[in-house]
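# Architecture at a glance
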Amino acid sequence: MNLRTLTNASTPEAVVNALPLPVVVIAPDGKVVDANVAAESFFEVSVPLLKRHFLRELIPFGSPLLSLVDQVREHGGAVNEYRVDLSTPRNPGEHIVDLYVAPLPERDGHVVVMLQERTIADKMDRQLTHRGAARSVSALASMLAHEIKNPLSGIRGAAQLLEQSAADEDRTLTRLICDEADRIVKLVDRMEVFADERPVERAPVNIHAVLEHVKRLAQSGFARHIRFVEDYDPSLPPVLANRDQLIQVFLNLVKNAAESIGESAIDGEIHMTTAFRPGVRLTLPGSRSRVSLPMEFCIKDNGPGVPADLLPHLFDPFVTTKATGSGLGLALVAKIIGDHGGIIECESQSRHTVFRVLMPMYAGNGSDPGTPGKPAETETQAQ
């Protein structure tokens, strides 16, 4: 690198653009006069377009950010505000941020606003709760397998013996006993999956091949009436994972999306996206090892969305929005992703629900990037 390039790289503009946090400069009339690259990503608008807008047009009506900017102009000192929601219809998704607002001494009346997203850190905290819930179900599943399945086998056998000598009008009842016993056994079998602590067999997996397989399965069955849109990063490296379990995860997510859209929708769409998002790193408990989660896989749908009161508990066992659902599907998805050293979260608004999976990539040496079954601790944050 020559001296000129080095000098240009160390200019204030280059330094600000290198920051992972969104930064915008607000003029005295409230108009955006400058912004960095991270702000482009946060507001999903280029800097030239940002400069055409007033701050009030980019954030929710009545946002406390506006009063903070006025306060900084009036008193001339920096202020902070924590956990402010900047989600808007034009900037969908959950955007909970910490705000840092300060005057710009070199330009009278101008204010600098820096945003630090809390979304990823909060998601990781919730992911640890999901894993704890899955471990609770593991213990419950082990107990149920021993204490329920054996008596059910006896009950079913007794019902079959009674059926042989029962009158025709009573056979309906004995058949009902057998059917209900079988249904309970199937439920316990599903829960036993949570108790499986065997190491997951993994290999380099092409996530696009997995998603293509899931799409073909969906289009040949439950999602034949839905349009699929794919937005893939073709340069994405492999992910170290169990292919069958990844198919199970994404088939479950696509099935949920299709059921949310419903069979009567004429404009139902499911978007399947992949991207490389560096910035999220986890530290393994009791170790200095750091695991990066740059692989982002999303399943998006334009259904009615998840009820707000269920959203924080969506990956807990026995929580479901379906009238006939068991509430174990998403809990199992969270367990599988957790066993692979990744995290999963959901953001939902009307006609915009996103299930986002973040996973480690294949390191190339066959090593396991995470420790199955062990929760990870937040090491850094990302946008």
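Residues numbered from 1 in each chain as written. Predicted model: local features only at pLDDT ≥ 70, side-chain atom pairs only at ≥ 80, totals over all residues. Heavy atoms only, no water.

### Structural notes on the sheet that holds strand β1 (residues 23–26)
- Overall, antiparallel pairing links the 5 strands, which are arranged β2-β1-β5-β4-β3 in an open sheet. Unpaired on one side and paired on the other, β2 (32–35) and β3 (79–85) mark the two borders of the sheet. Across the sheet, the mean angle from the axis of one strand to that of its neighbour is 25°, orientation sign disregarded.
- In this sheet, strand β5 (residues 111–117) lies alongside β1 in antiparallel orientation, the contact comprising 4 bridges. Considered in β5, the bridge of Val 25 is made with Val 112.
- Its contacts with the sheet place helix α5 (residues 64–75) against β1, β3, β4 (96–103) and β5, and it is angled at close to 20° to β4. (Pairing = 2+ DSSP bridges. Helix = DSSP H or I, 4+ residues; strand = E, 2+ residues; numbered from the N terminus. Axes fitted to C-alpha atoms, helices over the stretch in contact; angles between N-to-C directions. Contact = heavy atoms within 4.5 Å.)

### Thoughts on the packing of helix α10 (residues 243–261) against helix α11 (residues 329–339)
- Direction vectors running N to C along α10 and α11 enclose 145°, while the axes themselves pass 10 Å from each other. Where α10 crosses over α11, the two elements pack in a sense that is left-handed. Residues Gln 245, Gln 248, Val 249, Asn 252, Leu 253 and Asn 256 of α10 form the contact with α11, whose participating residues are Gly 329, Leu 330, Leu 332, Val 333, Ile 336 and Ile 337.
- The class makeup of the residues in the contact of α10 with α11 is 7 nonpolar, 5 polar and no charged. (Left-handed = near helix turned anticlockwise from the far one by under 90°. Nonpolar A, V, L, I, M, F, W, Y, C, P; charged D, E, K, R; others polar.)

### Side note on the environment of Ser 63
- By secondary structure assignment, the location of Ser 63 is in the loop between α4 (47–50) and α5.
- Excluding residues within four positions of it along the chain, Ser 63 makes contact with Val 84 and Leu 86.

### A few points about the environment of Gln 71
- Examined against the element boundaries, Gln 71 turns out to sit in helix α5.
- A relative accessible area of 35% means that Gln 71 is categorised as partly exposed.
- Separated by 30 residues in sequence, Gln 71 and Val 101 have C-alpha atoms that sit 9.4 Å apart.
- Gln 71 has contacts with Gly 76 and Val 79, leaving out every residue within four places of it along the chain. (Buried < 20%, exposed > 50% of the residue type's maximum accessible area, 1.4 Å probe, protein only.)

### Things to note about the nonpolar core
- Counting 40 residues, the largest nonpolar core has Leu 246, Phe 250, Leu 253 and Ile 270 as the members making the most contacts within it.
- Residue assignment for this core shows that the elements contributing at least two residues are α9 (207–219), β8 (239–241), α10, β9 (269–276), β12 (295–301), α11, β13 (343–349) and β14 (352–359).
- Sorting elements by how many residues they give to this core places α10 first, with 9 residues.
- Counting 26 residues, the second largest nonpolar core, distinct from the first, contains Val 47, Leu 55, Ile 59 and Leu 99. (Core = buried A, V, L, I, M, F, W, Y, C linked by side-chain atoms within 4.5 Å.)

### Structural notes on the pairing of β13
- With 6 of its 7 residues buried, β13 lies for the most part within the structure.
- With 7 bridges connecting them, β13 and β14 associate as antiparallel partners. Its bridge partner being in β14, Ile 344 is matched across the sheet by Val 357.

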